[in-house]
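What follows is the residue order along each chain.
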Amino acid sequence: MHPILFHLGPLPVRSYGTLVVLGFLVGLWRTMRVCARRMATEPEGSPRRIHPDNMFDMGIVGLMIGILCARILFVMLDWRDFAEHPASMLRIWEGGLALHGGFFGGILFMFFYCRWKRLSFFAVGDLCAVGWCLGYIIGRFGCLLNGCCYGGVCDLPWAIRFPDEQHPGLLTPPSHPTQIYASLFNVAFFFILTRWERRPRRDGEIFWAYVGLYGLYRFVVDFFRAGATSTYLIPSLRLTDTHILSLVMMMVSVAGILWLRRHRPAVQDAAFAQPIAPAATPRLAE
């Protein structure tokens, strides 16, 4: 593992925080580029005309709120450990974020920000969903370098030994690098959602799709993490609390997309709309 990238004098620059922030900046950059394109191509009055400055302001504050909510949920889930050493709650640079908390906290902030600025929540959500994919791809490598969020023991060729959370100072047996699995899932999600962006759709479909895809990824990956860095909620079924929450996310996602398709008309980004070919001029007989 490589939890510290380098030192700036006496100050350690940690892999976890650096890559989380880098992932956020890449996702925000992509989102603002799409906003700029839509400002130039979408007609006046379109809910998809969202100024890049609005996304920048929302993103910066949303990052801080998301990290705070992710830390709060992490502390709540491991309260017994933190109750003995309360000061450790503040050591966020060492890792320890429950990303479901950050995800829901960020969405809640986005809802209130859109109400305040009178923006379309679903249009903004669609923009953010693709940016979240990029941020997640990069940020999970911060977990890998930090040695947290790993999976259970396995004998696969790509297994990695991590610092054992249960036995400080020791390494785990070769284990699933679930951080890499998470990044690969989100690479696939990025390509799915960027193709979806180009098609006629209802505002909000991409947002709800990512909610469901995120739930699917966490449901699958938690089978590898259970017993290592995730605790069983229903041991007889090998289900964790994350499994239950992820199932709820998938069901809400499907319901949200079905509701949109029943109640909202499909539209397409002006930049991707197919131009109507001019009618052929009939040739006169010579």
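Residues numbered from 1 in each chain as written. Predicted model: local features only at pLDDT ≥ 70, side-chain atom pairs only at ≥ 80, totals over all residues. Heavy atoms only, no water.

So what exactly am I meant to see when it comes to the environment of Asp 241 here?
If you trace the backbone, Asp 241 turns up in helix α8 (residues 241-263). On the basis of relative accessibility, which here comes to 30%, the residue Asp 241 falls in the partly exposed class. With ten residues separating them in the primary sequence, Asp 241 and Thr 231 have C-alpha atoms 7.6 Å apart. Non-local contacts of Asp 241, meaning those with residues more than four positions away in its chain, are made with Leu 77, Thr 231 and Leu 233. (Helix = DSSP H or I, 4+ residues; strand = E, 2+ residues; numbered from the N terminus. Buried < 20%, exposed > 50% of the residue type's maximum accessible area, 1.4 Å probe, protein only. Contact = heavy atoms within 4.5 Å.)

Explain the packing of aromatic side chains here, please?
Geometrically, a pair of aromatic rings is defined through the distance of the ring centres and the angle of the planes. This model, assessed by the stated rule, comprises 26 aromatic pairs. Taken together, a centroid distance of 5.7 Å and an interplanar angle of 45 degrees make the contact between Phe 185 and Tyr 217 tilted. Taken as a pair, Phe 185 in helix α6 (residues 178-197) and Tyr 217 in helix α7 (residues 205-225) lie far apart in primary sequence, 32 residues in all. Taking the ring centre of Trp 116 as reference, the NZ or CZ of Lys 117 above it sits at 4.4 Å. (Phe/Tyr/Trp six-rings, centres within 6.5 Å; stacked < 30°, edge-to-face > 60°. Lys NZ or Arg CZ within 6 Å of the ring centre and 35° of its normal.)

Would you mind showing me how to read the state of the cysteines here?
Note: disulfide means a covalent bond formed between the sulfur atoms of two cysteine side chains. Tallying each qualifying case throughout the model produces zero disulfides. Left without a disulfide partner, Cys 128 is nearest to the cysteine sulfur of Cys 114, which lies 7.5 Å away. Overall, the relative accessible area of 9% leaves Cys 128 in the buried class. Summary of cysteine pairing: Cys 149 is not part of a disulfide, and the nearest cysteine sulfur, belonging to Cys 148, is at 3.9 Å. (Disulfide = S-S within 2.5 Å.)

What am I meant to see in the pairing of strand β2 (residues 11-14) here?
Across a regular strand the side chains alternate sides, sitting on one face of the sheet and then on the other. Relative to β2, strand β1 (residues 4-8) is paired through four bridges, and the arrangement is antiparallel. Within the sheet, the bridge partner assigned to Leu 8 lies in β2 and is Leu 11. Counted between consecutive antiparallel strands, the loop separating β1 from β2 contains two residues, among which Gly 9 sits at a positive phi close to 65 degrees. (Pairing = 2+ DSSP bridges.)

Got a minute to help me understand the packing of helix α5 (residues 121-146) against α6 in this structure?
When two helices pack together, their arrangement is given by the angle between the helix axes and by the axis-to-axis distance. Contact geometry for α5 and α6: axes closest at 8 Å, N-to-C directions at 165 degrees. Taken together, the axes of α5 and α6 lie roughly antiparallel to each other. Both α5 and α6 take part in a crossing whose hand is left-handed. For the pair α5 and α6, the contacting residues are Ala 129, Val 130, Cys 133, Leu 134, Tyr 136, Ile 137, Arg 140, Phe 141, Cys 143 and Leu 144 in the first and Gln 179, Ile 180, Ala 182, Ser 183, Asn 186, Val 187, Phe 189, Phe 190, Leu 193, Thr 194 and Glu 197 in the second. Broken down by class, the residue content of the contact of α5 with α6 amounts to 15 nonpolar, four polar and two charged. (Axes fitted to C-alpha atoms, helices over the stretch in contact; angles between N-to-C directions. Parallel < 35°, antiparallel > 145°, perpendicular 65-115°, else oblique. Left-handed = near helix turned anticlockwise from the far one by under 90°. Nonpolar A, V, L, I, M, F, W, Y, C, P; charged D, E, K, R; others polar.)

Quick question: what am I supposed to make of unusual backbone geometry here?
Trans peptide bonds make up most of the peptide bonds, and negative phi angles are found at most residues other than glycine. Of note, Arg 118 is a non-glycine position whose phi angle comes to about 55 degrees, a positive value. Positive phi values are uncommon outside glycine, yet Cys 149 reaches one of about 60 degrees. Mapping Cys 149 onto the fold places it in the loop between α5 and α6. Taking the relative accessible area as the measure of exposure, Cys 149 reaches 14% and is therefore buried.

How do you make sense of the packing of helix α4 (residues 99-117) against α5 when you look at a structure like this?
Look at α4 against α5: their axes get within 11 Å of each other, and the N-to-C directions meet at 150 degrees. Looking at the two axes, α4 sits roughly antiparallel to α5. Regarding α4 and α5, the two cross each other, and that crossing is right-handed. From α4, Leu 99, Phe 103, Ile 107, Met 110, Phe 111 and Cys 114 reach across to α5, where they touch Phe 121, Val 124, Gly 125, Cys 128, Trp 132, Tyr 136 and Arg 140. By residue class, the composition of the contact of α4 with α5 is eleven nonpolar, one polar and one charged.

I tried to follow the pattern of salt bridges on my own but got confused; where do I start?
Opposite charge on two side chains permits them to pair, given that their charged atoms come into close proximity. Taken as a whole and judged by the stated rule, the model has eleven salt bridges. Arg 30 is the salt-bridge partner of Glu 197, the closest N and O atoms lying 2.7 Å from each other. Of this pair, Glu 197 sits in helix α6 while Arg 30 is found in helix α1 (residues 15-41), placing the two residues 167 residues apart along the sequence. By relative accessible area, Glu 197 is classed as buried at 4%. Owing to a relative accessible area of 14%, Arg 30 belongs among the buried residues under this scheme. Two residues, Arg 201 and Asp 126, come together in a salt bridge whose shortest N-O distance is 4.0 Å. One end of the pair, Arg 201, is in the loop between α6 and α7; the other, Asp 126, is in helix α5, and 75 residues separate them in sequence. For the pair formed by Arg 201 and Asp 126, the shared burial category is buried. When salt bridges that share partners are traced, they join Arg 37, Arg 38, Arg 48, Asp 126, Arg 201, Asp 203 and Asp 269 into one network. (Salt bridge = Lys/Arg side-chain N within 4 Å of Asp/Glu carboxyl O.)

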